[in-house]
Amino acid sequence: MTTPLDLPEELFVCIDHVGVAVPDLDAAIELYTTKFGMTVAHREVNEEQKVEEAMVQINSVGGDSTTQRIQLLAPLNDESTIAKFLDRSGPGLQQLAYRVTDVEKVSAILRERGLRLLYDVPKRGTANSRINFIHPKDAGGVLVELVEPAANGH
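Computed from a prediction, not measured in an experiment: that's the story for all the values here. (Residues numbered from 1 in each chain as written. Predicted model: local features only at pLDDT ≥ 70, side-chain atom pairs only at ≥ 80, totals over all residues. Heavy atoms only, no water.)

(A) Quick look at helix α3 (residues 103-112). Those residues of α3 lying buried are V103, V106, S107, I109 and L110. On an axial view of α3, the arc spanned by its buried residues comes to 160 degrees, and they lie on one face. Where α3 is buried, its residues touch β7 (130-134) and β8 (144-148). The opening residue of α3, the one whose side-chain oxygen lies 3.1 Å from the backbone nitrogen of E104, is D102. G114, located one to two residues past α3, shows a positive phi value of around 90 degrees. (Buried < 20%, exposed > 50% of the residue type's maximum accessible area, 1.4 Å probe, protein only. Helix = DSSP H or I, 4+ residues; strand = E, 2+ residues; numbered from the N terminus. Arc of directions from axis to C-beta. Contact = heavy atoms within 4.5 Å. Polar contact = N/O pair within 3.5 Å; in protein donor to acceptor, adjacent residues only side chain to side chain.)

(B) Here's a closer look at the pairing of strand β1 (residues 14-21). Sheet analysis places β1 next to strand β5 (residues 92-99), joined by seven bridges and oriented antiparallel. The residue bridging V18 from the neighbouring strand is L96, located in β5. With four bridges joining them, β1 and strand β4 (residues 69-75) adopt parallel strand pairing. When the sheet's bridge partners are listed, A21 is paired in β4 with L73. (Pairing = 2+ DSSP bridges.)

(C) Region of interest: the environment of T101. Residue placement: T101 occurs in the loop between β5 and α3. When the C-alpha positions of T101 and E148 are compared, they lie 5.6 Å apart, and in sequence the two are 47 residues distant. What T101 contacts, discounting residues up to four positions off in sequence, is V13 and E148.

(D) Broad picture of the side chain of H17. Secondary-structure assignment places H17 in strand β1. A polar atom in the side chain of H17 sits 2.9 Å from the side chain of Q71. There is a polar contact of 3.4 Å between the side chain of H17 and the side chain of Q95. In contact with H17, not counting residues within four places along its chain, are M55, R69, Q71, Q95, L96, A97, E145 and V147.

(E) Inspection of the sheet that holds strand β6 (residues 123-124) at higher detail. Read across the open sheet, the eight strands follow the order β2-β3-β4-β1-β5-β8-β7-β6; overall the sheet is mixed. Looking at strand neighbours, the two that pair on one side only are β2 (39-46) and β6, the edges of this open sheet. Pairing analysis gives two bridges linking β6 to β7, with the strands arranged antiparallel. Bridge assignment links K123 to a residue of β7, and that residue is I131. Across the sheet, helix α2 (residues 81-89) is in contact with β1, β3 (51-57), β4 and β5; its angle to β4 comes to roughly 90 degrees. Sitting on the sheet, α3 touches β7 and β8, and the angle it makes with β7 is about 15 degrees. (Axes fitted to C-alpha atoms, helices over the stretch in contact; angles between N-to-C directions.)

(F) Up close: the nonpolar core. One finds V20, V22, L25, A28, I29, Y32, M38, A54, V56, I70, L72 and A74 forming the largest nonpolar core, which totals 12 residues. Residue assignment for this core shows that the elements contributing at least two residues are α1 (25-35), β3 and β4. A total of four residues in this core trace back to one element, the largest contributor, which is α1. If you look at the next biggest cluster of nonpolar residues, it comprises 10 residues, including L11, V103, L117 and V144. (Core = buried A, V, L, I, M, F, W, Y, C linked by side-chain atoms within 4.5 Å.)

Given below as structure tokens:
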């Protein structure tokens, strides 16, 4: 039986971001920037995923070079996965994303270990990253996203 301790060191690089489903992206950005003091690092519409999204990041204190981000996700229409999430659960934490160096390789390893992934091949994510998801039923009830950043970073 495979346990988390059996993961090779290179499977996950770090936590890339935490995704938060929101009904109104502008209102969420206002909260995160004016009340929490974060800055918007990136904003885009992802037609394929049917979301409008913004990456907000914590402003480093004391020269900390790590980038810690929250992905705010608002649905573009009622068919969006985020719209369905909001209908079912309301606003809140929707996913945990891990950065990987090769999403196809990591997906193959996870499939070999008996985990179901939502996509047969990676899809386009934020800032042209490549993504896939581990089914929540195979990840302790958490929707886990695998993120391979675009070559120019994000």
